[in-house]
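Each chain is listed here by its residues.
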Amino acid sequence: MTNEKQNKLSPWHQTAVAITLISAIVACIIVIAISISYVKTTIVQPEREEQLVRLKQIIIDQPNNQQVLDFLRELDLEFRKQRTARIEFAKKGNLLLIISLIAFALSFKWASAFKQQLPNPCKESNDLAEQIINASWSRRAILAGVILLASIAIYNLTQPDIDFDKASVLAKAENENKPPIPAFPTFEEFNDNWPAFRGPQGNGVSKHANIPTGFNAETKEGMLWQTNVPLPGFNSPIVWGEKVFLSGATETQRQIFCFDVNSGELLWTGDLSSLPGATEPPDVMEDTGFAASSMTTDGINVYAIFASGHIGAFSLDGKKVWARYLGIPDSTYGYASSLTMYQNLVIVQYDQGETDDELSKMIAINGQTGKTAWETKRSVANSWPSPIVVKTESSFQLITAADPWVISYDPATGKQLWQIDCLGTDSAPSPIYANGLAFVIMPYSELIALDTNGQGDVTETAIKWAADEGIPDICSPVSNDSEVFTLTTGGTLSCFNFSDGKKLWEKEFDGEFNASPSIAADNLFLFSIKGDMIVVKASPKFEEVRRSKINDKVYASPAFMDGKIFIRSVENLYCIGAAN
Amino acid sequence: MQNNKKETINRRRFLKETCFGSSIAALAGLAAGLWSKTSPAKTVWQIDPEICSSCGNCATYCVLEESAVKCVHAYAMCGYCDLCTGYLPPDPKDMDTGAENELCPTGAIIRTFVEDPYYEYTIDEKLCIGCAKCVKGCDAFGNGSLFMQIRHDRCVNCNECSIAVACPSQAFKRVPFDKPYILKGANNTP
Amino acid sequence: MTARNVNILVIALLMLFCCSALAVENFPPPDFESGYTLPDTEVPEAKNMQHEYIALGVLFVALSISAYLSLKNRNRKLIFSLMIFSMLYFGFFRKGCICPIGSIGNVALSAFSSDYAIPLIALAFFLLPLIFTVFFGRVFCSAVCPLGAIQDLVLLKPISVPSWLENSLRILAYLYLGLAVLFAATGASFIICRYDPFIAIFRLGGNLNIVILGVCLLLIGIFIGRPYCRFLCPYSVILRQFSRISRKKVSITPDDCIKCKLCEDACPFGAIDKPTQPWPGGSYIKDKKLLAMLIVLTPVIIFISGWLLSSASPPLSRSHPTVSLAQRIYLEENKTFTDSTDASDAFRATGKTINTLYSEASAVKEQFTLGGWFVGTFVGFVIAAKLIGSTIRWRRTEYLANPASCLACGRCFKYCPKEQVRLKKKSSGNIDDK
């Protein structure tokens, strides 16, 4: 007792007690501060973050709302400041808290050392009874613990479990029964749509028999809809299911448009304007423009390429999937070859420069990833025909026409199959394939029929026949398997016998023609730049069926679907067809 | 009696010696058994950027207040795009450094003009929280030159990395101490 | 049909090959005209290996000092100071990693996995305290372990735990050790490290749940001395066994025990064994019968325990990332979940087949079933041993520090009158010298 009193008076004891109290108070204050900061960060900060996301969305919808913009910027700054401040605070606060707590514990021990009580060895205890009780309690406690643990384990046993061995066997069986789902449409699905320039085979032939032969633009009879295309372009529309796609571009803008087949409503616009690439726009002729190349689709994505060398993919509902820059093409009139598809590969005929420049190449890009699947160099000069992927008797072939080579590739690997040296400069008409023969055009001079079964250089052997009268410079030929038709820019329509190239007839029309002729339901469809649609019988004898006219400028070859024709003028898209 | 006691003590001592000897032997055996499996250097944790799915867990699961995982830029792979999908959100209002046009929630990417039309992007590690938003953007449309790495000046090298536990793509690996980074495009540059 | 499939496969393979061969960037890096040079990607170096060797050296020195202090010098104040140093160095400065407790995981993983090489430092951290324990008792626990130190520091108002409760709660530590080895050996996780309760305090931040766990243990630790060490620490399970047979042991008295009872309540960890009373006749027969029964029952207990833990393998194995991923994928495939998680998306992006995943998961589950048998047998053996132990009366004639439980903290020294005599002699001897 006296000892204790003495200690109480000891200044060291008082110091220890004081330090204990002070450090306890400091620790409490820090704990409160940290708790407040924690609550703030877990409640206030996430709210702010959400608000920022909302504001950013508002800014996208209303880009000119300065008030929201200012508020957003202020909030963003505040948010960032708070975050940095909190991290700083947490670092210092936690350290201070630990220090004060250690100080508290040490000083408490120090203080209590002054009034430590002496042990009392004289207390009553029955050690023997205690030992026996301890032993029996010990057994009971162990038993209780074991029962508790065991019941947890037994409860787990009643829970359902997955047998992965069984699941693996099941999954295997299922896999064997199911053919693998290819990541691209079948050949038939391609044929049911109009997925590229001049249709699924690129030959300008529609499989549908119910294509209307005319319309009246004034009364709108036979015209389903007409809609404005926001950006100019000479490329042809493509159709997949219920959607029509085309692209448009100016020097600075590059866009893709998706229209509804039934209403003509613009569903979405895909933008590829602000991609990195060349600083200056490419040199193009006015007749070519910046968007002469037609798009293509595999029913999963749509793909577009522009004269600037930018190529991009959007999903059918308008999400950008990938975009690439292939380098500005060195092309005298401006790049114009259209894209085509083989399975999931987007085929780009990238011909540029002169024959010796070694700049030209074929590129196949994986549609889903945007990565190059294969690339093949070719010794040709800049050319403007579009490549076609066709199914010959034995295999698929990718046939390309250029100056001076006509080359066929295996579309899966890019391996060269055969090549023929038969073309010259300024190649523009695209090749077609019909009934075992490929047809290519040397502008103004020759229509050439080629056998497609060769290997290697077949210049000497593959040419079946050549015709030299009424040969176009821009429009591609079209064939119904028994005749081949050509249309010159000046308006001369010629008909050649399929088997020997003998000219059967020719007919002159007024006006200028850039759109290639097409065949649907045994009729030839011709579109003049001035907007005339001329329908004649595709037969060994000339017979005009009907003439219609839109007051617009038509350069692009139309797209044909079930009962519908899609005509793209520079600024508009028309849908011809009978209303139900 | 005396003898008996002595015997007991002897037996106890013998038992004790045996236990002692056997435990020493056990420890030596364990050490010898594991000796062939030891690596002289320590290992550190690192993210394999090819596996990383930029989920954003790195920002929240690190034991440190500020995650030791930061975004890293492989400049040699960068396209220096004006429209950088790692820097700008989808459909940006403008292509500038306004708060509304930054994908990074902390503004940790610095965009500097190099020459028309190229911009350099650098990461301010003090601000980066490792949320991987920019990595996701860059991977989706760009060259994938932005990627996540554990910064070893910050990492405390936990015996079991708590982000590794939470990593959905299991991209965390133990790598040797002398090669502590898995850089993208590193094999492209000499 | 099959021919077509093969064709598609060939094409796909070819394309894959071409893809990898041609991996071209979407936007080729530009050729700069303004003389701009590409900056290097900064790679700050990891903390030097020297730090690790220094830590190992500090561990060795600290263990040696601790052994000297508790066996020779018998000075609680110095032991306490060393303990505070260890807490600051191994805990706060080295952020708690690597520690001998956590290294159990590394040792188990490297023993069972072929593709994990244990760092030398981790192995050294695991072995060094064990070697010291074999010679000097639990000198690691007393003043070197940072986890022990922080609990010892907060022990302000000790209350004693009945020995039967202490004895049975300790089974948790054995179970924890068994599970920790199982989880580490199967590559699921290092649960000791993941649920290290004080790591968040040493790092001044971390997972909120762990912070709460640590704070709760420390609050309990104000009254109940070192709760983690006594009831949970898996490393203590190993240390206890080595400490039983250690060469040197901490003794309460520097001389012979005079059974003065003064030290009876001195130990806050319940590690002082009292002298035993002679056995009362009736109880003796009863206990011997019980003992016989328990010995007969031991194989049964061991088997049941083994069976229970091995059949608990499905929920246990779900902590393994492969199994939990396989489970998620399975449920998604069977349309139980219609959405996907980051993990299942990441798995699908790898292009690995589901069957491969399933068979991997199945293999891991088998490991857990087998491991469950081992762990269960081990725990069953411990339970049986504890039950048997409760029926046996060790004869003790003096107050002794229980060799297994004694943490060598030195609290009891000053309670012994003989120690006081020794200290006086020492100081007076010193005076005499002068």
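Fair warning: this is a prediction, and the values are worked out from it, not measured in the lab.

Notes on the overall build of chain B
When you go through chain B residue by residue, the secondary structure sums to 4 helices and 7 strands. Listing every helix and strand of chain B by position from the N terminus yields α-β-β-α-β-β-β-α-β-α-β. The C-alpha atoms of chain B give a radius of gyration of 27 Å, which is well past the 16 Å a tight globule of 190 residues would have. Dimensions of chain B, computed from C-alpha atoms along their principal axes, come out at roughly 105 × 35 × 25 Å. For chain B, the residues scored as buried account for 57% of the 190 residues in total. Put simply, of all contacts in chain B between residues at least 6 apart along the chain, 71% involve residues at least 24 apart.

What to know about the pattern of salt bridges
Residues and elements named next belong to chain B. Inspection of the entire model under this criterion finds 37 salt bridges over all chains. A salt bridge links D94 to K93; the shortest N-O distance between them is 3.0 Å. With relative accessibility at 32%, the residue D94 sits in the partly exposed group. A residue is classified by how much of its surface remains accessible, and K93, at 25% relative accessible area, is partly exposed.

Quick notes on the sheet that holds strand β27 (residues 503-508) of chain A
All names here are of chain A. Reading across from one edge, β24-β25-β26-β27 is the order of the 4 strands in this open sheet, with antiparallel pairing throughout. For this open sheet the edge positions go to β24 (478-479) and β27, each flanked by a neighbour on one side alone. Strand direction decides the pairing type here: strand β26 (residues 492-497) and β27, joined by 5 bridges, are antiparallel. The residue bridging S494 from the neighbouring strand is E506, located in β27.

Observations regarding the domain arrangement of chain B
As far as domains go, chain B holds domain 1 (1-38) and domain 2 (43-176). Inter-centroid distance (C-alpha atoms) of domain 1 of chain B to domain 2 of chain B is 57 Å.

Topic: the domain arrangement of chain C
All names here are of chain C. Taken domain by domain, chain C consists of domain 1 (54-251) and domain 2 (281-389). Domain 1 and domain 2 are separated by 26 Å when their C-alpha centres are compared. When the two sides are added together, the surface that domain 1 and domain 2 hide from each other amounts to roughly 1,300 Å², 79% of it contributed by carbon and sulfur. Of all residues in domain 1, Y174, L182 and T186 give up the largest surface area on contact with domain 2, accounting jointly for 40% of the area buried on that side. For the pair domain 1 and domain 2, the number of links is 0 salt bridges. Viewed at the interface, domain 2 and domain 1 are joined by 2 residue pairs in polar contact (both at pLDDT 80 or more). For the side of domain 1 that touches domain 2, a count of residues per class yields 8 nonpolar, 4 polar and 1 charged.

Brief notes about the side chain of C:R411
Topologically, C:R411 is positioned in the loop between β3 (400-401) and α20 (417-433). On the basis of relative accessibility, which here comes to 15%, the residue C:R411 falls in the buried class.

Quick word on the sheet that holds strand β21 (residues 446-451) of chain A
Residue and element names in this part refer to chain A. Sheet architecture is open: 4 strands sit in the order β19-β20-β21-β23, paired in antiparallel fashion. Lying at the two open borders of the sheet, with one neighbouring strand each, are β19 (432-434) and β23 (463-467). For this sheet the average axis-to-axis angle between neighbouring strands, irrespective of direction, equals 25°. Direction of pairing for strand β20 (residues 437-442) relative to β21: antiparallel, over a ladder of 6 bridges. When the sheet's bridge partners are listed, M442 is paired in β21 with E446.

Quick notes on the interface of chain B and chain C
Contact residues are listed per partner, giving 56 residues for chain B and 66 residues for chain C. Applying the counting rule to chain B against chain C returns 2 salt bridges. One salt bridge connects C:R247 with B:E17, and the closest N-O pair in it is separated by 2.8 Å. Put simply, chain B and chain C have 17 residue pairs in polar contact (both at pLDDT 80 or more) between them. Going through the elements one at a time, α1 (2-35), β1 (38-39), β2 (43-47), β3 (69-73), β4 (109-115) and β5 (118-123) of chain B are the ones with two or more residues in the side of chain B that touches chain C. Its residues assigned to classes, the side of chain B that touches chain C comprises 32 nonpolar, 14 polar and 10 charged. Pairing of β1(B) with strand β1 (residues 118-119) of chain C, which is carried by 2 bridges, proceeds in the parallel orientation. Its bridge partner being in β1(C), B:S39 is matched across the sheet by C:P119.

Concerning the environment of A:K502
The topology assignment puts A:K502 in the loop between β26 and β27. Along the sequence, A:K502 and A:V484 sit 18 residues apart, while their C-alpha atoms lie 10.0 Å from each other.

Focus: the packing of aromatic side chains
Taken as a whole, this structure holds 45 aromatic pairs over all chains when the rule is applied. Ring centres of A:F525 and A:F560 lie 5.2 Å apart, and the angle between their planes is 65°; this geometry places the pair in the edge-to-face category. Here A:F560 lies in strand β32 (residues 559-561) and A:F525 lies in strand β29 (residues 523-527), a separation of 35 residues in the sequence. Residue A:F525 is classed as buried on the basis of its relative accessible area, which comes to 0%. A:F560 gets classed as buried once you look at its relative accessible area, which sits at 1%. Through pairs of rings, three or more aromatic residues link up here, namely B:F20, C:F60, C:F132, C:F135 and C:F136. Here the basic side chain of C:R247 rests over the ring of B:F20, its NZ or CZ set 4.1 Å away from the ring centre.

Brief notes about the nonpolar core
Among the nonpolar cores identified, the biggest contains 129 residues, and C:I101, C:F140, C:F198, C:Y228 and C:Y235 are the most heavily contacted of them. Tallying contributions element by element places helix α19 (residues 354-389) of chain C first for this core, with 12 residues. For C:F140, the residues in contact, after removing those within four places along its chain, are C:L59, C:L63, C:P100, C:P129, C:C145, C:Y235 and C:L239. If you look at the next biggest cluster of nonpolar residues, it comprises 74 residues, including A:F190, B:W45, B:C84 and B:V135.

Section: the packing of helix α4 (residues 127-158) of chain A against α19(C)
For the pair α4(A) and α19(C), interaxial distance at closest approach is 9 Å and the crossing angle is 160°. Relative to α19(C), the element α4(A) is oriented roughly antiparallel. Every pair of crossing elements has a handedness; the one defined by α4(A) and α19(C) is left-handed. Here A:R139, A:I142 and A:V146 of α4(A) come into contact with α19(C), specifically with C:I383, C:K386 and C:L387. Each residue belonging to the contact of α4(A) with α19(C) can be placed in one class, and the counts come to 4 nonpolar, no polar and 2 charged.

Focus: a negative patch on the surface
A grouping of A:D330, A:E354, A:D356, A:D357 and A:E358 is seen on the molecular surface, where their side chains present a negatively charged patch. Within the secondary structure, A:D356 sits in the loop between β12 (345-350) and β13 (361-366).

Section: the environment of B:G33
Tracing the sequence through the fold places B:G33 in helix α1. Given the relative accessible area of 47%, B:G33 is considered partly exposed.

Rules behind the numbers
- Residues numbered from 1 in each chain as written.
- Chains lettered and ligands numbered in written order.
- Predicted model: local features only at pLDDT ≥ 70, side-chain atom pairs only at ≥ 80, totals over all residues.
- Heavy atoms only, no water.
- Helix = DSSP H or I, 4+ residues; strand = E, 2+ residues; numbered from the N terminus.
- Rg over C-alpha atoms; globule rule 2.2 N^0.38 Å.
- Buried < 20%, exposed > 50% of the residue type's maximum accessible area, 1.4 Å probe, protein only.
- Contact = heavy atoms within 4.5 Å.
- Salt bridge = Lys/Arg side-chain N within 4 Å of Asp/Glu carboxyl O.
- Pairing = 2+ DSSP bridges.
- Domains from an automatic or database assignment.
- Buried area = accessible area lost by both parts, 1.4 Å probe.
- Polar contact = N/O pair within 3.5 Å; in protein donor to acceptor, adjacent residues only side chain to side chain.
- Nonpolar A, V, L, I, M, F, W, Y, C, P; charged D, E, K, R; others polar.
- Axes fitted to C-alpha atoms, helices over the stretch in contact; angles between N-to-C directions.
- Phe/Tyr/Trp six-rings, centres within 6.5 Å; stacked < 30°, edge-to-face > 60°.
- Lys NZ or Arg CZ within 6 Å of the ring centre and 35° of its normal.
- Core = buried A, V, L, I, M, F, W, Y, C linked by side-chain atoms within 4.5 Å.
- Parallel < 35°, antiparallel > 145°, perpendicular 65-115°, else oblique.
- Left-handed = near helix turned anticlockwise from the far one by under 90°.
- Patch = residues over 30% accessible without salt bridge, like charges linked within 9 Å, V, L, I, M, F, W, Y side chains within 5 Å.
- Areas by Shrake-Rupley, 256 points an atom, 1.4 Å probe, with all protein chains shown as cover.
- Lys, Arg positive; Asp, Glu negative; His and termini not counted.
- Charge placed at Lys NZ, Arg CZ, Asp CG, Glu CD.

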